[in-house]
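# Understanding the architecture of this molecule
In case you want the letters, here they are:
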Amino acid sequence: MTLRFVLNGAKTELDAHPMARLLDVLREECALTGSKEGCGEGECGACTVLVNGEPVCSCIIPVAHVEGAAVLTIEGLGGDHPLQHHFMNEVGAQCGICTPGMIMAAMALGPAPTLEDVKTALAGNLCRCTGYAAIYRAVMKWRGLEAPPSMVAE
Amino acid sequence: MSAVGNSVARKDGIGKATGAARYADDITFPGMLHGRTIRSTIPCGRIRSVRLDFDTTGFTVVDHRDVPARNAVDLIAQDQPFLVEQEIRHMAEPILLLAHENRERLYAVPVEVEYDEGEPLFDPEKSQQVFKTIDIVKGDTSSALADAELVVEGTYRTGHQEHVYIEPNGVIAVPEDGGIAIYGSVQCPFYVIKALRCLLGDAHPNVRVIQTETGGGFGGKEEYPSMIAGHAVMLALKSGRPVKIIYDRAEDMVATTKRHPAIVRHRTGVTRAGRIVAMDVDVLMDGGAYVTLSPTVLSRGCIHAAGPYRCDNVHIHGRTVFTNTPPNGAFRGFGAPQTEFAVEVHIDRIAEALGMDAVELRRRNALRPGDTTATGQTLRDDCSALMVLEEAVRRTDFDRKREEYKGSNRSVGLSLFYHGAGFTGAGERNLKSKARLELTAGGVRIAVGSTEIGQGTRTMHAQIVTDALGIPYEDVEVAQPDTSRVADSGPTVASRTCMVVGKILEECAHEMRDRLGGLSPAEYHSRHGPLTVERMYEPPDWIEWDDALYRGDAYATYGWGCDVAEVELDPDTFEVRPIRLTAVQEFGRPIHPALARGQIEGGTAQGLGYALLERVVMHNGAMANGQLTNYTIPTTLDTPEIDVVMMENPYPGGPFGAKGLGELPMDGPAPAVVNALRQLGFDVREIPATPELLSAGSRLG
């Protein structure tokens, strides 16, 4: 069937099976490979995108669900977003496979998050490399917030 | 400003954060097929028949008869077939390969395999098939045990652990002019080359392996990618088209390697004053169905089994056996997390038996410069066991907390540990690793097979070359590992990429500096053209190792760590919540402090998962919880604050004083947590210490 939605700010129309996974449509039909598949069951969050501003796992969303919605993927942030730079500078990305999903989940945070807010917002995104501390440092720095003293790299 | 010692901008660029970095599954080639692996559904037996009950038009089908030369993955032994011929030794063993251009069609078709089932064996203690034994003998342990004032015994068990790199395994084999190229998520491109040469023989000489951006490894992409690459290559040769094989999470968890389960028995003799006089240690590791790397995992496990303690009489006996589970393999720590868990929990029990403070017992027995290890290695000034212990105790106010938390649901526990850097014994000498530095029009290019798998290889190597050559960091580029274009710097394993490969690069840079004769790389290049420097690793000349007796200098140097875990118990649910983990670690000197810190934080989190959460449930020889839904690794909410302290004690044989770091942080968290649980009254002798284990387990008086 023909689907219409807004993808990274642009009106998009494409033919897809309504039950196709949003992740597959993004990666294979739209050539947006920044969203990753880590588990295919909505557990790891590597495929996180924003649908109408809410983070969802695109591996368990049928594409029909986004008919008429606004979908934002990591590519939609461009290549120069401050949070992207903080992730690299703070070593919030090591191997990088969880990073696009992690960044998209962080994008949905409210204006002045506490460390607890950040932890809760990212609880659905698994990272096996960092132990998360560097990810918190990246997100807190992006929001102009002080990380707790023990978290500050010497 | 020097590059080394500063957290300079990473060579990765920003691609990992923008989605532009290309992992194996992000790459396609024209005409590419998808590959699928048909696997055994029994743990033991023989194949009676394989039936393809579908129209095979458009499919490429490969079985063992398509193997060009030798049907064996070439590792330590050549016992594991790429594709089963008749005998099934474990669940999910590869039998047949299919390729098709349409993935849905590929996975929809039925393949029926009929078997004659055999009697599987899953209990390593019952296995008679011992395929490697190790004995480390120092002094006279039986006499010393007989004479000891007190002997403390204990048995400790650790389970499987799954790597859970977030990117599952995947490769693409691409036929190219006169040969074949393999693009893939691999730690060790030259291991893949070795395996493919064995598979293909002389008929297909032009094989190259290109590492794609790799979404985590932790040892899990050390040996298994050789298997997958072999599969993809056979499908590509038969079809004449590129073939991509990407495992989904379930296949990756059920079919690929895990950390070896271990059973470690200790009998330790001590004086009443708390001096360790005899250590008798028995190490049993479950190798699974094939040899893979188990002999070397056992070796590292045994060498670390006595812990960082001085003792004149030590006997460590190790063995690894076959069972009918998928083979176990490399995982960060490589045998040491199992044995160091055992010895560190045992040390707390000895202290308890003596009525002595466990920190004091460690203080009295910790290795010092001049002491000898179990293999008889005399430690040099780069031994820091006491330094990390004292700093961890001081920083955490350990003694006060121990007292203060008594009778509450909170407690603190401590572990002291060490980890040998680089290959064991004569390993580095035998490996003959090489590194290459190439002059470019504006600087130099590093050309090594060492892979960036998240730990920062590219950046850290570039920093070393920058300072050793005296040119701007921006003028150093790092080649993507392509086995046809880079030097074989050995596998990216064993905490060797900084200390060993970094050292060769440092020497390459010194040689290049001399040959430039005061000219900048650009000046030299425009006047004289290209220049390449290649050097081989030379281990310290004092290293002596007897592989038959297992005696001598097991490692050129060791990293040292002391972890303090502070935990809180929910008395109703038996859930243990780590509150804070203090990780004091000495690894020579950090080349890139932020990356080094990331290794410690990440390794510590993996260690906490190993301690409390990560339980592989095996049913009939297969992982029954092979999903992230019910094999749980630490999330943000499970991971406590990790207080990292990086202490320096430069190692003269490493680049700019650096030792290896990658594995050290994995060794400490589990015993620290379990020693904290002991303070809460739980006599835990195995991990993971799940609520189920704690609720059913024995309590201390």
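Parameters and conventions
Residues numbered from 1 in each chain as written. Chains lettered and ligands numbered in written order. Predicted model: local features only at pLDDT ≥ 70, side-chain atom pairs only at ≥ 80, totals over all residues. Heavy atoms only, no water. Helix = DSSP H or I, 4+ residues; strand = E, 2+ residues; numbered from the N terminus. Rg over C-alpha atoms; globule rule 2.2 N^0.38 Å. Buried < 20%, exposed > 50% of the residue type's maximum accessible area, 1.4 Å probe, protein only. Contact = heavy atoms within 4.5 Å. Areas by Shrake-Rupley, 256 points an atom, 1.4 Å probe, with all protein chains shown as cover. Domains from an automatic or database assignment. Buried area = accessible area lost by both parts, 1.4 Å probe. Polar contact = N/O pair within 3.5 Å; in protein donor to acceptor, adjacent residues only side chain to side chain. Pairing = 2+ DSSP bridges. Axes fitted to C-alpha atoms, helices over the stretch in contact; angles between N-to-C directions. Salt bridge = Lys/Arg side-chain N within 4 Å of Asp/Glu carboxyl O. Nonpolar A, V, L, I, M, F, W, Y, C, P; charged D, E, K, R; others polar. Parallel < 35°, antiparallel > 145°, perpendicular 65-115°, else oblique. Phe/Tyr/Trp six-rings, centres within 6.5 Å; stacked < 30°, edge-to-face > 60°. Lys NZ or Arg CZ within 6 Å of the ring centre and 35° of its normal. Core = buried A, V, L, I, M, F, W, Y, C linked by side-chain atoms within 4.5 Å. Left-handed = near helix turned anticlockwise from the far one by under 90°.

With that settled, the discussion passes to the overall build of chain B. Of the regular secondary structure elements, chain B holds 19 helices and 28 strands. Computed over its C-alpha atoms, the radius of gyration of chain B comes to 25 Å, within 12% of the 27 Å expected for a compact globule of 701 residues. Counting only C-alpha atoms and orienting by the principal axes, one finds that chain B spans roughly 75 × 75 × 50 Å. Looking at chain B as a whole, 65% of its 701 residues qualify as buried. Here the analysis covers contacts within chain B between residues at least 6 apart in sequence; of these, 82% occur between residues at least 24 apart. Surface summary for chain B: the accessible area is close to 23400 Å², and the carbon and sulfur share equals 46%.

Residue and element names in this part refer to chain B. As far as domains go, chain B holds domain 1 (15-21 + 427-536), domain 2 (31-119 + 163-255) and domain 3 (262-425 + 549-696). On a C-alpha basis, the centroid separation for the pair domain 1 and domain 3 is 33 Å. Between domain 1 and domain 3, the contact holds 21 residues from the first and 24 residues from the second. Interface area for domain 1 against domain 3, summed over the two sides, is near 1700 Å², with a carbon-plus-sulfur share of 67%. For domain 1, the biggest contributors to the area lost against domain 3 are A494, S495 and M499; these three give 35% of the whole. For the interface between domain 1 and domain 3, the tally reads 6 residue pairs in polar contact (both at pLDDT 80 or more).

On to the sheet that holds strand β3 (residues 60-62) of chain B. Residues and elements named next belong to chain B. Pairing in this open sheet of 7 strands is mixed, and the strands run β3-β5-β1-β12-β9-β10-β11 from one edge to the other. At either margin of the open sheet sits one strand with a lone partner, and together these are β3 and β11 (207-211). Strand-to-strand twist in this sheet, taken as the mean axis angle between neighbours without regard to direction, amounts to 25 degrees. Relative to strand β12 (residues 243-246), strand β9 (residues 170-176) runs antiparallel, the two sharing 4 bridges. By the bridge assignment for β12, I172 is matched with K244. Packed on one face of the sheet, helix α4 (residues 189-200) meets β10 (179-184) and β11 and runs near 150 degrees to β11.

On to the interface of chain A and chain B, then. For an interface, size is often stated in terms of accessible area lost upon the parts coming together. Chain A puts 49 residues into the contact, and the matching count from chain B is 51 residues. Here chain A packs against chain B, burying approximately 4000 Å² in sum over the two surfaces, 53% of which is carbon and sulfur. Ranking the residues of chain A by area buried against chain B places A:M88, A:Q94 and A:R128 at the top, with a combined share of 21%. Here chain A and chain B share 6 salt bridges between them. In this structure, B:D26 and A:R27 form a salt bridge, with 2.8 Å as the shortest nitrogen-oxygen distance. Run the count over chain A and chain B and you get 25 residue pairs in polar contact (both at pLDDT 80 or more). Only α1 (22-29), α2 (82-89), α3 (99-107), α4 (115-121) and α5 (133-142) of chain A provide two or more residues apiece to the side of chain A that touches chain B. Of the residues in the side of chain A that touches chain B, the class split is 23 nonpolar, 14 polar and 12 charged.

The next point concerns the sheet that holds strand β4 (residues 87-88) of chain B. The sheet built from 3 strands is open, its strands ordered β4-β2-β6 (chain B) with antiparallel pairing. Whereas interior strands pair on both sides, the edge strands pair on one side only; in this sheet they are β4 and β6 (111-117) of chain B.

All names here are of chain B. As a packed pair, helix α8 (residues 336-354) and helix α9 (residues 358-365) sit with axes 9 Å apart at the nearest point and diverge in direction by 110 degrees. Relative to α9, the element α8 lies roughly perpendicular. Contacts from E344, I347, D348, I350, A351 and L354 of α8 reach α9 at A358, L361 and R362. Of the residues contributing to the contact of α8 with α9, the split by class is 6 nonpolar, no polar and 3 charged.

What follows is about the packing of aromatic side chains. Where two aromatic rings form a pair, the distance of their centres and the angle of their planes describe that pair. Residues and elements named next belong to chain B. Counted according to the given criterion, the structure contains 10 aromatic pairs over all chains. With 5.1 Å between their ring centres and 80 degrees between their planes, W545 and Y550 make a pair best called edge-to-face. Both residues of the pair, W545 and Y550, belong to the buried class. Relative to Y558, the ring of Y555 has its centre 5.6 Å away and its plane inclined at 80 degrees; by these criteria the two rings are edge-to-face. Taken individually, Y555 and Y558 each receive the classification buried, so the pair is uniform in this respect. Following the ring pairs from residue to residue traces out a cluster consisting of Y418, Y555, Y558 and W560. Of note, K221 hangs over the ring of Y165, and the distance from its end group to the ring centre comes to 4.5 Å. For the cation-ring pair, R496 lies above F423, with the distance from its terminal atom to the ring centre recorded as 5.5 Å.

Attention now moves to the nonpolar core. In this structure, B:I182, B:L196, B:V283, B:I316, B:W560, B:L677 and B:L694 are the most contacted members of the largest nonpolar core, which totals 131 residues. Counting residues per element, this core draws most heavily on helix α5 (residues 224-239) of chain B, at 9 residues. Shared between two domains, this core holds at least three residues of each, these being domain 2 (31-119 + 163-255) and domain 3 (262-425 + 549-696) of chain B. The residues contacting B:I182, other than those within four sequence positions of it, are B:V171, B:I172, B:A173, B:L196, B:V207, B:R208, B:V209, B:I210, B:A229 and B:V233. Of all hydrophobic cores here, the second largest spans 46 residues; its members include A:I97, A:V118, A:C129 and B:Y23.

Once that is clear, we can look at the packing of α2(A) against α5(A). Residues and elements named next belong to chain A. Where α2 contacts α5, the two axes come as close as 8 Å, and the packing angle between them is 145 degrees. Where α2 crosses over α5, the two elements pack in a sense that is right-handed. Contacts between α2 and α5 involve P82, L83, H86 and F87 from the first element and I135, A138, V139, K141 and W142 from the second. Class assignment for the residues of the contact of α2 with α5 results in 7 nonpolar, 1 polar and 1 charged.

What follows is about the side chain of B:H266. Turning to its location among the elements, B:H266 is positioned in strand β13 (residues 262-270). Discounting chain neighbours no more than four positions away, the residues touching B:H266 are B:V152, B:E153, B:G154, B:Y156, B:D280, B:V281, B:A305, B:A342, B:V343 and B:H346.

Residue and element names in this part refer to chain A. Its domain assignment divides chain A into domain 1 (2-76) and domain 2 (82-145). Placing the centre of domain 1 and that of domain 2 at their C-alpha centroids yields a distance of 21 Å. Every contact between the two is made by 14 residues of domain 1 and, on the other side, 12 residues of domain 2. Summing the contributions of domain 1 and of domain 2, the shared interface buries around 990 Å²; its carbon and sulfur component is 69%. Looking at the side of domain 1 facing domain 2, the largest losses of area belong to C44, T48 and I74, adding up to 43% of the total buried there. Here domain 1 is connected to domain 2 by 0 salt bridges. Seen at the junction of domain 1 and domain 2, the total is 3 residue pairs in polar contact (both at pLDDT 80 or more). Residue composition of the side of domain 1 that touches domain 2, by class: 7 nonpolar, 5 polar and 2 charged.

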